[in-house]
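If you want the building blocks of each chain, they are given just below.
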Amino acid sequence: MQSNDLIKEQVLQLKIEIEQLEVEINKLEVMIHEKKYALNRLCELLEIREIARKER
């Protein structure tokens, strides 16, 4: 009986760890999207700058 309880406790701990990892993954995905947006915006600004320089 004790080993069964131990297994249940270990399974519960693993589920908690999985949930924590999923939260971290979600945070990282948000950071990636933010950085992609910033990079795309920077590219747009650099293109505008290059166009403005050529028009001078």
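Residues numbered from 1 in each chain as written. Predicted model: local features only at pLDDT ≥ 70, side-chain atom pairs only at ≥ 80, totals over all residues. Heavy atoms only, no water.

1. Thoughts on the overall build of the chain
Within the chain one finds 1 helix and 0 strands. Its C-alpha radius of gyration of 24 Å places the chain more than 25% over the 10 Å reference for a compact globule of 56 residues. Each principal axis of the C-alpha distribution contributes one length, and for the chain these read about 85 × 10 × 5 Å. Taking all 56 residues of the chain together, 0% fall into the buried category. (Helix = DSSP H or I, 4+ residues; strand = E, 2+ residues; numbered from the N terminus. Rg over C-alpha atoms; globule rule 2.2 N^0.38 Å. Buried < 20%, exposed > 50% of the residue type's maximum accessible area, 1.4 Å probe, protein only.)

2. A few points about a nonpolar patch on the surface
On the surface, Leu39, Leu42 and Leu46 cluster together into a nonpolar patch covering about 280 Å² of accessible area. In this fold, Leu46 is placed in helix α1 (residues 2-55). (Patch = residues over 30% accessible without salt bridge, like charges linked within 9 Å, V, L, I, M, F, W, Y side chains within 5 Å. Areas by Shrake-Rupley, 256 points an atom, 1.4 Å probe, with all protein chains shown as cover. Salt bridge = Lys/Arg side-chain N within 4 Å of Asp/Glu carboxyl O.)

3. Some details on the pattern of salt bridges
Tallied over the entire structure, the rule returns 3 salt bridges. The residue Lys27 makes a salt bridge to Glu24 at a minimum N-O spacing of 3.6 Å. Note that Lys27 and Glu24 are positioned in helix α1 at a spacing of 3 residues, about one turn of the helix. Arg41 serves as the salt-bridge partner of Glu44, at 3.1 Å between the closest nitrogen and oxygen. Here Glu44 and its partner Arg41 are both found in helix α1, 3 residues apart, which amounts to about one turn of the helix. Assessed through its relative accessible area of 40%, Glu44 is described here as partly exposed. On the basis of relative accessibility, which here comes to 35%, the residue Arg41 falls in the partly exposed class.

4. What about the environment of Leu46?
By relative accessible area, Leu46 is classed as partly exposed at 43%. A C-alpha to C-alpha distance of 31 Å links Leu46 and Ile25, two positions 21 residues apart in sequence.

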